[in-house]
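Here is how the chains run, residue by residue.
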Protein chains: 2
Amino acid sequence: MIRKTNRKSLVEQVAEQMEHLIEQREWKVGEKLPPEMELMEEFDVSRNTLREAIRALVHAGLLETKQGSGTIVRSTSVLGAALERHIKKSTMLETLEVRLALEKQAAQMAAEQRTEADLAMIKTYIDRSKNASVNQDLDQFIASDIQFHKTIVQASGNQLLVDLYEHMTDILYSFVHDFMVMKPSFPLEQEVHLGLFEAIQKQDENSAASYVEHDMEVLKENIITMMEE
Amino acid sequence: MIRKTNRKSLVEQVAEQMEHLIEQREWKVGEKLPPEMELMEEFDVSRNTLREAIRALVHAGLLETKQGSGTIVRSTSVLGAALERHIKKSTMLETLEVRLALEKQAAQMAAEQRTEADLAMIKTYIDRSKNASVNQDLDQFIASDIQFHKTIVQASGNQLLVDLYEHMTDILYSFVHDFMVMKPSFPLEQEVHLGLFEAIQKQDENSAASYVEHDMEVLKENIITMMEE
DNA sequence: CCATAAAATTTGTAGGATGATTGGGATATA
DNA sequence: TATATCCCAATCATCCTACAAATTTTATGG
């Protein structure tokens, strides 16, 4: 039997390797890549081939080149970069609506099939955010808040859902951060979080969904009033 | 005042133009592009520059090059291609779950803010699918069924939601097609569709959501049993 | 120490040369 | 005619060298 020519082009091979290095954080975000000459030797390809590979990742949003300076890592995920570019055209509000649609679905699925380990992890982040709230540590609060939400989505067991949600959260991070700095609503948040946790624990899908929905409504209203100011 | 160096790299300019040509369907999917020599003249750039631009779009999934043959258009959207690549790693079931999460959200939003024009359009596709059902025209039925769902999502007014949903639908098209060929459930579908339509018309969010949810459950069960066979 | 100029580094663009693969047309053969 | 094979032109893949443009680093003069 003759093997089909599955021989990928050199460019794609190099691009793939670089993508892998980025994904595995061996080349970290913000870091500068070795110059072209070194990479040529490292991958053992010509300058053209190397440059085409680099250009592919630049266009995808993973790298950024600056003439005279070098090439730096800009993002770690193709899907994330694609979403980011797309989301810039949409409004923040639209993005939040989609993100919370995903979370609502995730919460229902999580309620259905959460394990004890899931529950324990969710509880951990609730406790952490409570501590942060007591200590008035805003950064810590935001971090554990985001982790809380991510953990619920992870408990859904749907990897596509997880990826989309996390990318959106990452993209919205700076926005959410600014928002929470301006309007820190610790007690309300915690009440909702505890309610959501209990709903998932009791495997009450509807209740879980409506807690998330409630969260969404509050957030939307706050953002709208914030934008009007 | 000195203008900032808004001079994008030549490669990005060429890539942008090509992307635009593809998006505007001037270069159609499946069609062959002019050979490199011609494109070099047309864009007035060197071979390297042109090739880097092409490679960027190849990597993004919009183009496909075949040595000795030429370059053809493969897809029309960056987000679509990125999702497609990502979705191949996920299971069909996961993708469907996400897609229907988006639709559920869209149905609620549509119920809230649908216009008369939206309703008219939705009704149109219901009628079309009814006709197709009477005439036993499966392709027509599937087409109008998909349009029916898309129209509801469009009525949500959230462009990001629309884009994500449509890309997922496109990607799943062949799968859904095969599925419906195997298990054509005309009457049931229509009942649900009519119910969903009326819920949106009456602006009953909860009812709209639960119709979609019901749709999801039926679909999931069917797929699971289909996979077991 | 600081400002400025020169040098080195690094990416951007151009053009040419050769190899590899494909597709189609010409040719030969049954 | 039909078919199989070979050959060639078209096309992309890779490599090479050269120079331009932008940035960073180093050297220099005060």
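Just above, that's the structure.
Residues numbered from 1 in each chain as written. Chains lettered and ligands numbered in written order. Predicted model: local features only at pLDDT ≥ 70, side-chain atom pairs only at ≥ 80, totals over all residues. Heavy atoms only, no water.

Asker: Sorry, what's going on with the protein's contact with DNA strand D here?
Answerer: Near DNA strand D lie 24 residues; those nearest to it are Leu 10, Ser 46, Asn 48 and Thr 49 of chain A together with Thr 65 of chain B. Atoms of DNA strand D within 4 Å of the protein: sugar and phosphate make up 67%, bases the balance. Within the contact set of DNA strand D, a base nitrogen lies 3.0 Å away from a side-chain nitrogen or oxygen of Gln 67 of chain A. Of all elements in the fold, only helix H1 (10–23) and helix H3 (47–60) of chain A together with helix H3 (47–60), strand E1 (63–66) and strand E2 (70–73) of chain B reach the threshold of two or more residues within the surface near DNA strand D. A breakdown of the residues in the surface near DNA strand D according to their chemical character gives 4 nonpolar, 13 polar and 7 charged. (Near = heavy atom within 4 Å. Polar contact = N/O pair within 3.5 Å; in protein donor to acceptor, adjacent residues only side chain to side chain. Helix = DSSP H or I, 4+ residues; strand = E, 2+ residues; numbered from the N terminus. Nonpolar A, V, L, I, M, F, W, Y, C, P; charged D, E, K, R; others polar.)

Asker: When you look at the pattern of salt bridges in this model, what are you seeing that I'm missing?
Answerer: If charged atoms from side chains of opposite charge come close, those side chains can pair. The final tally for this structure, using the stated rule, is 17 salt bridges over all chains. A salt bridge links Arg 55 of chain B to Glu 52 of chain A, with the shortest nitrogen-to-oxygen separation between them at 3.2 Å. Of this pair, Arg 55 of chain B sits in helix H3 while Glu 52 of chain A sits in helix H3, each in a different chain. Judged on exposure class, the residue Arg 55 of chain B and its partner Glu 52 of chain A are both buried. A salt bridge links Lys 104 of chain A to Glu 213 of chain A, with the shortest nitrogen-to-oxygen separation between them at 3.8 Å. (Salt bridge = Lys/Arg side-chain N within 4 Å of Asp/Glu carboxyl O. Buried < 20%, exposed > 50% of the residue type's maximum accessible area, 1.4 Å probe, protein only.)

Asker: Whenever I open this one, the nonpolar core confuses me. Can you help?
Answerer: Nonpolar side chains in soluble globular proteins tend to end up buried together. Ranked by internal contacts, the top residues of the largest apolar core, which has 54 residues, are Trp 27, Phe 43, Leu 83 and Leu 164 of chain A together with Leu 164 of chain B. For this core, the leading source of residues is helix H8 (residues 159–182) of chain A, giving 7 residues. When residues no more than four places from it in sequence are discounted, the contact partners of Leu 164 of chain B are Leu 83, Val 98 and Met 168 of chain A together with Leu 79, Leu 83 and Leu 102 of chain B. Counting residues in each nonpolar core, the second largest holds 30 residues, with Ala 111, Leu 119, Ile 122 and Tyr 125 of chain A among its members. (Core = buried A, V, L, I, M, F, W, Y, C linked by side-chain atoms within 4.5 Å. Contact = heavy atoms within 4.5 Å.)

Asker: How should I be thinking about the relation of the copies chain A and chain B in this particular structure?
Answerer: What relates the two chain copies is a rotation about an axis together with a slide along it. Between the two copies, chain A and chain B, the superposition gives an RMSD of 0.1 Å; the rotation angle is 180 degrees and the shift along the axis is 0.0 Å. In symmetry terms, the pair is related by a two-fold rotation axis. Closest approach to the rotation axis among the C-alpha atoms of chain A is made by Ala 56 of chain A, whose C-alpha sits 1.9 Å away. In this assembly, 100% of the residues forming the interface of chain A have copies in chain B that are likewise at the interface, indicating an isologous arrangement. (Least-squares fit on C-alpha atoms with pLDDT ≥ 70 in both.)

Asker: Just checking my understanding: could you explain the pairing of E1 of chain B for this structure?
Answerer: Regular strands have side chains that alternate between both faces of the sheet. Residues and elements named next belong to chain B. Alignment of E1 against E2, held across 4 bridges, turns out to be antiparallel. Each bridged residue has a counterpart across the sheet, and for Glu 64 the counterpart in E2 is Ile 72. Hairpin geometry of E1 and E2 is characterised by an intervening segment of 3 residues between the two adjacent antiparallel strands and by a positive phi of about 85 degrees at Gly 68. (Pairing = 2+ DSSP bridges.)

Asker: Got a minute to help me understand the interface of chain A and chain B in this structure?
Answerer: Where interface size is quoted, it is often the accessible area lost as the parts come together. Taken together, the 42 residues of chain A in the interface contact 42 residues of chain B. When chain A packs against chain B, the two sides together hide about 3,500 Å² of surface, and 57% of this comes from carbon and sulfur. The largest per-residue losses of area from chain A upon contact with chain B belong to Glu 52, His 59 and Leu 160 of chain A, which jointly make up 19% of the total buried on that side. Seen at the junction of chain A and chain B, the total is 4 salt bridges. Glu 52 of chain A serves as the salt-bridge partner of Arg 51 of chain B, at 2.9 Å between the closest nitrogen and oxygen. Applying the counting criterion to the chain A and chain B interface returns 24 residue pairs in polar contact (both at pLDDT 80 or more). For the side of chain A that touches chain B, the secondary structure elements donating two or more residues are H1, H3, helix H4 (78–89), helix H5 (92–113), H8 and helix H10 (205–228) of chain A. The element contributing the most residues to the side of chain A that touches chain B is H5 of chain A, with 10 residues. Its residues assigned to classes, the side of chain A that touches chain B shows 20 nonpolar, 11 polar and 11 charged. (Buried area = accessible area lost by both parts, 1.4 Å probe.)

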